[in-house]
Amino acid sequence: MIIDQSTASAPAAETLEKSISSASRALRDFRKGDGHWVFELEADATIPAEYVLLRHYLAEPVDAVLEAKIAMYLRRIQNDNGGWSLFYGHEFDMSASVKAYFALKMIGDSVDAPHMVKARETILARGGAAKSNVFTRIMMALFGVLTWRAVPMMPVEIMLLPRWFPFHLTKISYWARVVIVPLLVLMTFKPRARNPLGVGIDELFHEDPKTVGPTPKAPHQSQLWFTGFNILDRVLRVVDPLFPKKTRERSVQKAVAFVTERLNGVDGLGAIFPAMANSVMMFDLLGYPKDHPHYMLARASVEKLLVIKDDEAYCQPCVSPVWDTALTAHAMIESGSETEVASAKDALEWLAPLQVLDVEGDWIEKRPGVRPGGWAFQYNNAHYPDLDDTAVVVMAMDRARGLGVGTKYDEAIARGREWILGLQSVDGGWAAFDADNLEYYLNNIPFSDHGALLDPPTDDVTARCVSMLAQLGDTVDNSPALARGIDYLRRTQLADGSWFGRWGVNYIYGTWSVLCALNAAGVPHDDPAVRKAVDWLAAIQNADGGWGEDGNSYKLNYQGYQRSETTASQTAWATLALMAAGQVDHPATQRGIRYLVDSQGDNGLWHERHYTGGGFPRVFYLRYHGYSKFFPLWALARYRNLRKTNSKFVGVGM
């Protein structure tokens, strides 16, 4: 049925109830036997390509069946223009294209095959593989395609720098830390991939690859800062051979100690693929036998990220069970039937023992004395819990207190709250993993051409922490932390009324997060900041009644929201945001709810091609396969609940 969305009203109560029941039933079918949920987490071509290259770097026996499936995946996601993108709808990314081409050639695709010819022509037309980013240059140096002159100088002696030095591991983000430390060993000793097939990609260059020089300045980098760091880079190249042997040995030992302390079992270093892969190559370089426990754990962690299907396979950047489970629990609580609430309670039982209570992670460096109490994103990542997951889990546990669990989670809630309070940054905001990671000048070092070296406070994570505090009863009068958080959010609202979304795409995600926080904190719905955000959301609604935005809105020269085709998850965020602002009966809300009901599949779920998750703006994006399943259900159930009670929905943080 075609609905005229310009005049569409929300669906009838019976239709809405049927939609909610169908979605919740379908979502329950994804639940694991122990009560948790975990959905696929898909990035771009880079990770599966790197997985293939890692195996050939190590000269592991070829798994022809697996490689054929990965090749099928890489060919499927190749763009019509011959290149590969960072997200669905993105035009082209040089580094992803170079790695995908290299992996396909390594697997055995002929360079004369039409898709390879087209890829090569597109790469060359855009400047060739010399235009790749630092991480891709390092990969090519490891395989002998480039010389190490094309890679920034990063000696392992960095491990010995004092904390007062301008560059120190405590001054960069967790993800940069775990990726860089094993990489320092590799970049110091400059090993060569075994590459038994002898595959290279010289044909992707206009020049002799061996003549490619240092990394150029990235668009986000200051010329002054970059020049200064570039001079330092040249000095390091000269003095590198002069470093005392004992100092180098001590540096390597410190790097190895860092990695092994955080090896994290089969969940891997930092629980993210790039760090895991680097740890495997570091152990290999240092001569660890294949049956050494550390090597075996590191190597096994990579395999756990594979998604293998009947006809294709890919490698995930990490897994998201805590995030998926906590958010799905909220959706089930919102849905409200006895069966759904029971599944949410089971999910909380699964989540409770995953709280990190006994490990002082890297965050302790800037917040000594703060007791652990957070949850990680993955199954296990004890050194790196994050504030976003912690806030969402705590809010779900708090909601369950009204559903018959009594005081079961009181201590977990208190410890989570205590940890989040302890990690508030000096500007009033909250970051994802650390506090006061504000050394912005470091994004100008040659290594940081990706611009993602830091973990500063963001609007969306701050909003989640404000939401949690407010839901637990904090007010601006009795909680300086809450008051400072709200002040931060007021300062960061953009001129058009939106907020930036660091970990979700993008301004729709940020605005949903903040409006929920302001509502939970009791900010009146007629507050100018709230009204401005509502007007912005209504103005950007698509003609079909939904909302859409893709990763192109993260461009450095932000010129305002950029419209994209509608997605179910972003439509859910927008309607949840409008409801948090007291706009249950707003025409935009009703049209959004109508869109969700009309676009629901026969299986009770929604299909979404777009990447609505953020990894690193302009560099790395995520397609959460669960977002199109639990967020629309959540929005529909909340709309039904508010219409039933005629409530203004104050007090729940999400």
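Structure shown above.
Below or above, wherever it landed, is the structure these notes cover. Treat the numbers as computed from the prediction; the structure is a model and nothing was measured. (Residues numbered from 1 in each chain as written. Predicted model: local features only at pLDDT ≥ 70, side-chain atom pairs only at ≥ 80, totals over all residues. Heavy atoms only, no water.)

## Things to note about the overall build of the chain
Inference 1: Counting secondary structure elements, the chain contains 22 helices and five strands.
Inference 2: Relative to the compact-globule value of 26 Å for 654 residues, the chain shows a C-alpha radius of gyration of 25 Å, a close match.
Inference 3: Its C-alpha atoms put the chain at 70 × 60 × 50 Å along the principal axes.
Inference 4: Evaluated residue by residue, the chain yields a buried proportion of 64% over its 654 residues.
Inference 5: Accessible area for the chain stands at about 23900 Å²; split by element, carbon and sulfur atoms hold 55% of it. (Helix = DSSP H or I, 4+ residues; strand = E, 2+ residues; numbered from the N terminus. Rg over C-alpha atoms; globule rule 2.2 N^0.38 Å. Buried < 20%, exposed > 50% of the residue type's maximum accessible area, 1.4 Å probe, protein only. Areas by Shrake-Rupley, 256 points an atom, 1.4 Å probe, with all protein chains shown as cover.)

## Quick word on the pairing of strand β4 (residues 613-616)
Inference 1: Note that β4 and strand β5 (residues 620-624) share three bridges and pair antiparallel. Counterpart to F616 in the pairing with β5 is F620.
Inference 2: Joining the antiparallel neighbours β4 and β5 is a turn of three residues, in which R618 adopts a positive phi near 70°. (Pairing = 2+ DSSP bridges.)

## Re the environment of V199
Inference 1: Along the polypeptide, V199 turns up in the loop between α7 (174-189) and α8 (223-239).
Inference 2: Judged by its relative accessible area of 11%, V199 is buried.
Inference 3: Once residues lying within four places of it in the same chain are set aside, the contact partners of V199 are F102, K105 and M106. (Contact = heavy atoms within 4.5 Å.)

## Examining the pattern of salt bridges
Inference 1: Under the definition given, this model contains 39 salt bridges.
Inference 2: One salt bridge in this structure joins R31 and D346, with 3.4 Å as the shortest N-O distance. Of this pair, R31 sits in the loop between α1 (13-28) and β1 (41-42) while D346 sits in helix α13 (residues 338-351); the two residues are 315 residues apart in sequence, bridging distant segments of the chain.
Inference 3: Judged by its relative accessible area of 30%, R31 falls in the partly exposed class.
Inference 4: A relative accessible area of 37% means that D346 is categorised as partly exposed.
Inference 5: E91 serves as the salt-bridge partner of R126, at 3.1 Å between the closest nitrogen and oxygen. Highlighted residues: R126 in the loop between α5 (114-125) and α6 (134-142) and E91 in the loop between α3 (64-76) and α4 (94-107), separated in sequence by 35 residues.
Inference 6: Overall, R126 belongs to the partly exposed group, its relative accessible area being 34%.
Inference 7: One salt-bridge network, held together by shared partners, links R177, E261, R262, D362 and D434. (Salt bridge = Lys/Arg side-chain N within 4 Å of Asp/Glu carboxyl O.)

## Focus: a nonpolar patch on the surface
Inference 1: Where nonpolar side chains cluster on the molecular surface, the patch consists of I231, L232 and V235 and spans about 250 Å² of accessible area.
Inference 2: Along the chain, V235 turns up in helix α8.
Inference 3: Assessed through its relative accessible area of 43%, V235 is described here as partly exposed. (Patch = residues over 30% accessible without salt bridge, like charges linked within 9 Å, V, L, I, M, F, W, Y side chains within 5 Å.)

## Structural notes on the side chain of R399
Inference 1: By the element assignment, R399 lies in helix α14 (residues 387-400).
Inference 2: Here the side chain of R399 touches E334 through a polar contact of 2.8 Å, side chain to side chain.
Inference 3: Contacts of R399, omitting those with residues within four sequence positions, involve H330, I333, E334, Q471, R638 and V652. (Polar contact = N/O pair within 3.5 Å; in protein donor to acceptor, adjacent residues only side chain to side chain.)

## A look at the packing of aromatic side chains
We describe a pair of aromatic rings using the distance from one ring centre to the other and the angle between the two ring planes.
Inference 1: Scanning the entire structure with this criterion turns up 34 aromatic pairs.
Inference 2: Ring plane angle 85° and centroid distance 6.0 Å describe the contact between W350 and Y379, whose orientation is recorded as edge-to-face. With a gap of 29 residues between them, W350 in helix α13 and Y379 in the loop between α13 and α14 connect regions that are remote in the sequence.
Inference 3: Ring plane angle 50° and centroid distance 6.0 Å describe the contact between Y554 and Y621, whose orientation is recorded as tilted. Residue Y554 is found in the loop between α19 (528-539) and α20 (568-580), and its partner Y621 is found in strand β5; the two are separated by 67 residues along the sequence. The same class applies to Y554 as to Y621, namely buried.
Inference 4: These aromatic residues form a ring-pair network of at least three members: F30, F39, F377, Y509, W512, W573, Y624, Y627, F630, F631 and W634.
Inference 5: The positively charged end of K290 is found above the aromatic ring belonging to Y295, 5.1 Å away from the centroid.
Inference 6: The ring of W503 carries the charged tip of R502 above its face, separated from the ring centre by 3.8 Å. (Phe/Tyr/Trp six-rings, centres within 6.5 Å; stacked < 30°, edge-to-face > 60°. Lys NZ or Arg CZ within 6 Å of the ring centre and 35° of its normal.)

## A short note on the environment of Y88
Inference 1: Tracing the backbone shows Y88 in the loop between α3 and α4.
Inference 2: Of the residues examined, Y88 reaches a relative accessible area of 33% and is grouped as partly exposed.
Inference 3: Contacts of Y88, omitting those with residues within four sequence positions, involve R609, H610 and Y611.
Inference 4: There is a polar contact of 2.7 Å between the side chain of Y88 and the side chain of R609.

## Notes on the sheet that holds β1
Inference 1: Read across the open sheet, the three strands follow the order β1-β5-β4; overall the sheet is antiparallel. Looking at the sheet topology across the chains shown, the edges are occupied by β1 and β4.
Inference 2: Examined bridge by bridge, β1 and β5 share two bridges and lie antiparallel to one another. Its bridge partner being in β5, L41 is matched across the sheet by Y624.

## Details of unusual backbone geometry
Inference 1: Unlike most non-glycine residues, A271 shows phi in positive territory, near 60°.
Inference 2: Its place among the elements puts A271 in the loop between α9 (245-261) and α10 (273-285).
Inference 3: In this structure, D436 is a non-glycine residue whose phi angle is positive, near 55°.
Inference 4: Tracing the chain through its elements places D436 in the loop between α15 (410-422) and α16 (459-471).
Inference 5: Take D436: its relative accessible area is 14%, and that puts it in the buried class.

## Describing the environment of S85
Inference 1: As for its placement among the helices and strands, S85 is situated in the loop between α3 and α4.
Inference 2: Taking the C-alpha atoms as reference points, S85 and A96, eleven residues apart in sequence, are found 6.7 Å from one another.
Inference 3: The contacts of S85, once residues within four sequence positions are left out, are D44, N79, H90, E91, F92, D93 and A96.
Inference 4: A polar contact is formed between the side chain of S85 and the side chain of N79, at a distance of 2.4 Å.
Inference 5: Among the polar contacts listed, one links the side chain of S85 to the backbone oxygen of H90, at a separation of 2.4 Å.

## Focus on α5
Inference 1: Relative to the 16 Å expected for twelve residues at 1.5 Å per residue, α5 spans 16 Å between its end C-alpha atoms, a close match to the ideal helical length.
Inference 2: Turning to α5, its buried residues are M116, A119, R120, T122 and I123. One side of α5 carries all its buried residues, which in axial view fall inside an arc of 165°. The exposed set on the far side of α5, more than 90 degrees from its buried face, consists of P114, E121 and A125.
Inference 3: On its buried side, α5 packs onto α4.
Inference 4: Downstream of α5 by a residue or two, G127 has a phi angle that is positive, lying close to 110°. (Expected span 1.5 Å × (residues − 1). Arc of directions from axis to C-beta.)

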